[in-house]
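Overview (structure and organization)
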Amino acid sequence: MPEVHDSPNAWVAEHIRRFEETGGRPRPGVNDLLLTTRGRKTGELRRTALVYERDGDRYVLAASNRGADHHPAWYLNLLADPYVTVQVGTETFRAYARPATAGERPRLWHLMVSVRSEYAAYQQRITREIPVVLMEPVPK
């Protein structure tokens with residue numbers, strides 16, 4: 001089994017630890033998941049914790065990077081290799097991740113903002129458009 005490297009960000013690494021300790025429920029009332037991508041430069045497996053919402057069978061993410069002017073590494077990694085590993089609660093599965101299309105994005109962006117209002121504030125203070133990502137489980 002290849003080694004998985006957790007986010008070097010101390011806050012995110014702590015969140016991952018709490019996720020594991022609580023069986024995937026680190027913040028009651030918040031939909032958190034762990035996302036593992038393959039590093040586009042190193043080829044190493046990289047893991048981060050993210051907020052998600054459901055859209056039918058799909059999982060929706062906002063690549064907000066907490067309002068930074070650049071895309072998060074996990075987003076750039078999945079653009080290079082869209083096959084990712086997702087953990088929701090205690091369930092782990094493979095998924096195919098892709099940016100929402102221009103037609104899909106408005107509805108899905110509204111969905112994410114309705115869950116986490118800070119996304120709207122992030123978007124107002126930066127010039128890049130925050131991508132919305134759809135992840136669909138890969139059939140076994």
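Residues numbered from 1 in each chain as written. Predicted model: local features only at pLDDT ≥ 70, side-chain atom pairs only at ≥ 80, totals over all residues. Heavy atoms only, no water.

1. Quick notes on the packing of aromatic side chains
For clarity, the cut-off: Pairing of aromatic side chains requires ring centres within 6.5 Å, counting the rings of Phe and Tyr and the six-membered ring of Trp. Pairs whose planes differ by under 30 degrees are stacked, by over 60 edge-to-face, and all others tilted. Only Lys NZ and Arg CZ are tested; either one counts as a charge over a ring when it is within 6 Å of the ring centre and within 35 degrees of the ring normal.
Counted by the stated rule, this structure contains six aromatic pairs. Every member of this aromatic cluster is reached through a ring pair, and the members are Tyr-52, Tyr-59 and Phe-93. Stacked on the ring of Trp-11, the Lys or Arg Arg-66 has its end atom at 4.6 Å from the ring centre. Taking the ring centre of Trp-109 as reference, the NZ or CZ of Arg-105 above it sits at 4.7 Å.

2. Concerning helix H2 (residues 73–80)
To keep it simple, the criterion reads: Burial status follows relative accessibility: with a 1.4 Å probe on protein chains alone, a residue under 20% of its type maximum counts as buried, one over 50% as exposed, and anything between as partly exposed. Secondary structure follows DSSP: runs of H or I at least 4 residues long count as helices, runs of E at least 2 residues long count as strands, and numbering of each begins at the N terminus. Here, the arc refers to the directions that run from the helix axis to the C-beta atoms. In this description, contact between two residues means that some pair of their heavy atoms is separated by no more than 4.5 Å.
Among the residues of H2, those classed as buried are Trp-74, Tyr-75, Asn-77 and Leu-78. The buried residues of H2 occupy an angular sector of 160 degrees when projected down its axis, which confines them to one face. In this structure, the buried side of H2 is in contact with strand E2 (32–38), strand E3 (45–51), strand E5 (58–62), strand E6 (83–88), strand E7 (91–99) and strand E8 (132–137).

3. Thoughts on helix H3 (residues 105–115)
Buried within H3 we find Arg-105, Leu-108, Trp-109, Met-112 and Val-113. Down the axis of H3, the smallest arc covering the buried residues is 140 degrees, so these residues share one side. The exposed set on the far side of H3, more than 90 degrees from its buried face, consists of Pro-106, His-110 and Ser-114.

4. What to know about unusual backbone geometry
Positioned with a positive phi, Asn-65 is a non-glycine residue whose angle comes to about 55 degrees. When you line up the elements, Asn-65 lands in the loop between E5 and H2. Not every positive phi belongs to a glycine, and Arg-66 is a case in point at roughly 55 degrees. Note on placement: Arg-66 falls in the loop between E5 and H2.

5. A word on the sheet that holds E8
The line we're drawing: The rule for pairing is simple: two strands pair if DSSP sees at least two bridges between them. Here, axes are lines fitted to C-alpha atoms. For helices the fit covers the stretch in contact, and angles between N-to-C directions go from 0 to 180 degrees.
The mixed open sheet is built from eight strands, whose spatial order is E1-E3-E2-E6-E7-E8-E5-E4. Each having just a single partner strand, strand E1 (4–6) and strand E4 (53–55) make up the two edges of the open sheet. Across the sheet, the axes of successive neighbouring strands diverge by a mean angle of 35 degrees, strand direction being ignored. Strand direction decides the pairing type here: E2 and E6, joined by three bridges, are antiparallel. Bridging across to E6, Thr-36 finds its partner in Thr-85.

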